Amino acid sequence: MQQETQTRNGAVKLNGHQVQLTNQSKIYWPEEKITKGELVDYYLSVADIMLPHLKNRPMSLHRFPNGIKGVSFYQKDLDVKNIPDWLKTVAIHASSTGKDVDYLLCNNEATLAYMANLGCIEVNPWLSRTTNLDNPDYIVLDLDPEDISFKHVIDTALCIRDILEEMDIGSYVKTSGSTGLHIYIPVACKYEYEVCRFFAQHVATEAHERMPDVTSITRAKAQRKHKVYIDYLQNSFGQTVAAPYSARPKPGATVSAPLLWKEVTGKLKISDYHIGNMHKRLDKVGDLWKEIHKQRNDLKAIIKNMDQN
DNA sequence: AAACCCT
DNA sequence: AGGGTTTATCAGCGG
DNA sequence: CCGCTG
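Residues numbered from 1 in each chain as written. Chains lettered and ligands numbered in written order. Predicted model: local features only at pLDDT ≥ 70, side-chain atom pairs only at ≥ 80, totals over all residues. Heavy atoms only, no water.

Caption draft 1: Inspection of the domain arrangement of chain A at higher detail. As far as domains go, chain A holds domain 1 (1-125) and domain 2 (131-309). For domain 1 and domain 2, the distance between their C-alpha centres works out to 25 Å. A combined buried area of about 2,200 Å² lies between domain 1 and domain 2, and 64% of that area is made up of carbon and sulfur atoms. Of all residues in domain 1, Tyr42, Ile49 and His53 give up the largest surface area on contact with domain 2, accounting jointly for 28% of the area buried on that side. Measuring nitrogen to oxygen at the nearest pair gives 2.9 Å for the salt bridge that ties Asp137 to Arg57. (Domains from an automatic or database assignment. Buried area = accessible area lost by both parts, 1.4 Å probe. Salt bridge = Lys/Arg side-chain N within 4 Å of Asp/Glu carboxyl O.)

So, in structure tokens, the structure goes:
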């Protein structure tokens, strides 16, 4: 006897390729009874808007073969010999091992469906693209509350936006889909990771000076208790951040949702954005991050002033 | 590893 | 018998 | 989850 609820299989034709879908009825979010099939459907429903944000970015796969409560594992290196030949990968040299790692690229909806079927609930792209692997398109600040109310995350985010605005630097904000917010500063591949990280640290430090009681910028976990941790260390070669519109392996099937800055208020709730309602929001507001690549913030003046350290 | 097939 | 190929509602592991 | 190994 088969467990019919776990085995429904099938295939879809996307971008001219046959994509095998397995275990579409398997429960991935037990509390909400959301299935893997619904995860695949979600990604296909947002593909048009999401894919431009993924194009030519190496992917780290975070796979949850048994849903959000099951054991997960990370996979970067694909076995190129034994995956469908239509998948695109890029070989990147890993200095630590001296070997090449074949990273998956997700440039079409067939690949997005393939990834979701592998149990990739999240989509985790690099900050840089294959065309310019050493130069990220944007700088990322990751705000994470550690045993502190979410309203302090909002205050911290607005403080950071103000600091950037004072430097005439535009920024984008989204929910992380987990507990915090992500702020992106587009720089159009003008700087290498080290410069980006340095700038991010500068902004984080300034925010911490303005809000010393509720923020922390130190790696040590103990010093982050009851603080909003401003993580600037993600701006490094090979690091990833959950992409805009990425689902998250969290209760409520939340997604990382691009926001307008004016939506960052006391009313903001991360749980309001999930795979069940994102499509409706996109019909209404479209891609709020559509222009992110057109903005080129110039950090030159600021970096020069930071140089004496 | 075992079953199966072909000289 | 000796070699090559296929199968297993496989099990175990690694990514 | 999926494909390789025994």
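Caption draft 2: Here's a closer look at empty space enclosed by the protein. Evaluation of the coordinates by the stated rule reveals one cavity of 30 Å³ or more. Of the volumes computed, that of the largest cavity is approximately 30 Å³. Residue lining of the largest cavity: Pro125, Trp126, Leu127, Tyr138, Tyr184, Val241, Ala243 and Pro244, and that is the complete set. Across the lining of the largest cavity, the residue classes break down as eight nonpolar, no polar and no charged. (1 Å grid on protein atoms, 1.4 Å probe; cavity = no way out; pocket = protein on both sides within 12 Å on 5 of 7 lines; lining within 4 Å. Points joined across faces, edges and corners; volume = space filled by probe spheres on them. Nonpolar A, V, L, I, M, F, W, Y, C, P; charged D, E, K, R; others polar.)

Caption draft 3: Representation of the nonpolar core in the model. In terms of nonpolar packing, the biggest core is built from 83 residues, with Tyr43, Leu141 and Phe199 touching the most fellow members. The residue makeup of this core includes at least three contributed by each of domain 1 (1-125) and domain 2 (131-309). Counting 17 residues, the second-largest nonpolar core is a separate cluster that includes Leu127, Leu133, Tyr172 and Tyr193. (Core = buried A, V, L, I, M, F, W, Y, C linked by side-chain atoms within 4.5 Å. Buried < 20%, exposed > 50% of the residue type's maximum accessible area, 1.4 Å probe, protein only.)

Caption draft 4: Local environment of the packing of aromatic side chains. On inspection of all chains with the given rule, the structure shows eight aromatic pairs. Geometrically, the ring pair formed by Tyr103 and Trp126 is edge-to-face, given 5.2 Å between the ring centres and 75° between the ring planes. Pair noted here: Tyr103 is in strand 8 (residues 99-105) and Trp126 is in the loop between strand 9 (124-125) and strand 10 (138-146), with a separation of 23 residues, a long-range link. This pair shows no difference in class: Tyr103 is buried, exactly as Trp126 is. Ring geometry for Trp126 and Phe237: centres 4.9 Å apart, planes at 70°, overall edge-to-face. With a gap of 111 residues between them, Trp126 in the loop between strand 9 and strand 10 and Phe237 in the loop between strand 14 (227-231) and strand 15 (258-259) connect regions that are remote in the sequence. Residue Phe237 is classed as partly exposed on the basis of its relative accessible area, which comes to 40%. (Phe/Tyr/Trp six-rings, centres within 6.5 Å; stacked < 30°, edge-to-face > 60°. Helix = DSSP H or I, 4+ residues; strand = E, 2+ residues; numbered from the N terminus.)

Caption draft 5: How the structure looks around the protein's contact with DNA strand C. Around DNA strand C sit Arg63, Phe73, Gln75 and Asp77, and those are all the residues in its vicinity. Protein-adjacent atoms of DNA strand C, using a 4 Å cutoff, are sugar or phosphate at a proportion of 10%. A distance of 2.9 Å separates a base nitrogen of DNA strand C from a polar atom in the side chain of Arg63. Between DNA strand C and Asp77 there is a distance of 3.0 Å, counted from a sugar or linking oxygen to a backbone nitrogen or oxygen. (Near = heavy atom within 4 Å. Polar contact = N/O pair within 3.5 Å; in protein donor to acceptor, adjacent residues only side chain to side chain.)

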